[in-house]
Amino acid sequence: IESSGRHLLDLINDILDLSKIEADKLDLQIEPCSVAEICQASLQLVKGMAQRKHQKIGFTSNLASAVIQADPRRVKQILVNLLSNAVKFTPEGGALGLDVKGHEEEGIIQFTVWDEGSGIKEGDLKRLFTPFVQLDSSLSRQQSGTGLGLSLVSKLTELHGGSVSVESEVKKGSRFTVSLLWYPRDKQEKEGKEIPQA
């Protein structure tokens, strides 16, 4: 009953969020936020799910510290959706992770969630971000879900002025990369410019 209730609540919340985005009613609460804190909070939220499947979660970053102008709750929502999918589609005892790279010259930070799961067929990649689409629609499908998670990831990333890309190989795993605007504070101070708002 508890599991079914949570599933229903997730479905309702996802539909509400998507409806707000489509109606242009979802307002981002943009503020300076720590990339490290967002990543650690997101990893903590999926840690229990991964432990139940005896999975290892990796985390790497080429940034000692970084601050972006974003809605921290929504960025966490993006990462948790991707990490939850990685846990879901990675077999028992497998590995997944989050890699963060800052590209100062390009002015972007990339969050890559990777897994060693079942992978996605090339022909299915273009349907991934369509609302309510689940690639395995058979009655015997092994994974549950609303079919809204990746659509929300895409929409929320776009609202931040960013983009999402995916690389995948069947039976080897997938890599989802979210690219968001970033303007390093030390560079901003040197040039006397304001950090751009998303």
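Residues numbered from 1 in each chain as written. Predicted model: local features only at pLDDT ≥ 70, side-chain atom pairs only at ≥ 80, totals over all residues. Heavy atoms only, no water.

## Here's the deal with the sheet that holds strand β5 (residues 108-115)
Taken in spatial order, the five strands make up an open sheet running β2-β4-β5-β7-β6, and their pairing is mixed. Taken across any chain shown, the strands that pair with only one partner, and hence form the sheet edges, are β2 (56-61) and β6 (163-169). Looking at each pair of strands side by side, their axes are set apart by 15° on average, direction ignored. Bridge count between β5 and strand β7 (residues 173-181): seven bridges; the pairing is antiparallel. Of the residues in β7, the one forming a bridge with isoleucine 108 is leucine 181. Those strands touched by helix α4 (residues 149-159) are β6 and β7, and its axis lies near 25° from that of β7. (Pairing = 2+ DSSP bridges. Helix = DSSP H or I, 4+ residues; strand = E, 2+ residues; numbered from the N terminus. Axes fitted to C-alpha atoms, helices over the stretch in contact; angles between N-to-C directions. Contact = heavy atoms within 4.5 Å.)

## Quick word on the confidence of the model for the protein
Summarising the model, the protein shows a mean pLDDT of 82, and 77% of its residues fall at 70 or more. Predicted confidence in the protein is weakest over helix α5 (residues 185-191), with a mean pLDDT of 49, and strongest over β5, with 97. Low confidence marks residues 137-144, where pLDDT is under 50. Its contacts with residues over four positions away, or in another chain, come to seven contacts. In the predicted structure, residues 188-198 sits below a pLDDT of 50 and forms 16 contacts with residues beyond four places in sequence or in another chain. (pLDDT = per-residue confidence, 0-100.)

## As for unusual backbone geometry
Backbone geometry places histidine 54, a non-glycine residue, at a positive phi of 55°. Along the chain, the position of histidine 54 falls in the loop between α2 (35-52) and β2. When its relative accessible area of 57% is taken as the criterion, histidine 54 is described as exposed. In this structure, lysine 171 takes a positive phi of about 70° despite not being glycine. Its place among the elements puts lysine 171 in the loop between β6 and β7. (Buried < 20%, exposed > 50% of the residue type's maximum accessible area, 1.4 Å probe, protein only.)

## Describing the nonpolar core
Core analysis: the biggest nonpolar cluster contains 40 residues, and Val35, Ile68, Leu82, Leu98, Ile109 and Phe111 have the highest contact counts within it. Every element with two or more residues in this core is listed here: α1 (2-22), α2, β3 (67-70), α3 (72-89), β4 (95-103), β5, α4 and β7. Ranked by residues supplied to this core, first place goes to α3 with eight residues. Beyond its immediate stretch of four places on either side in the chain, isoleucine 68 contacts Glu31, Pro32, Cys33, Val35, Ile109, Phe111, Leu180, Leu181 and Trp182. (Core = buried A, V, L, I, M, F, W, Y, C linked by side-chain atoms within 4.5 Å.)

## Focus: the packing of α3 against α4
When two helices pack together, their arrangement is given by the angle between their axes and by how far apart the axes lie. Following both chains from N to C, one finds α3 and α4 inclined at 150°, their axes separated by 9 Å at the closest point. Once α3 is placed against α4, the crossing between them reads as left-handed. Residues Arg74, Gln77, Ile78, Asn81, Leu82 and Asn85 of α3 touch α4, and the partners they reach there are Gly149, Leu150, Leu152, Val153, Leu156 and Thr157. In terms of residue class, the contact of α3 with α4 is built from six nonpolar, five polar and one charged. (Left-handed = near helix turned anticlockwise from the far one by under 90°. Nonpolar A, V, L, I, M, F, W, Y, C, P; charged D, E, K, R; others polar.)

## Some details on the packing of α2 against α3
Closest axis-to-axis distance for the α2/α3 pair is 9 Å, and the angle between their directions is 35°. As for how α2 packs across α3, the hand of that crossing is right-handed. Each of Ile38, Cys39, Ala41, Ser42, Leu43, Leu45, Val46, Met49 and Ala50 in α2 lies in contact with α3, whose residues at this interface are Pro72, Val75, Lys76, Leu79, Val80, Leu83, Ser84 and Val87.

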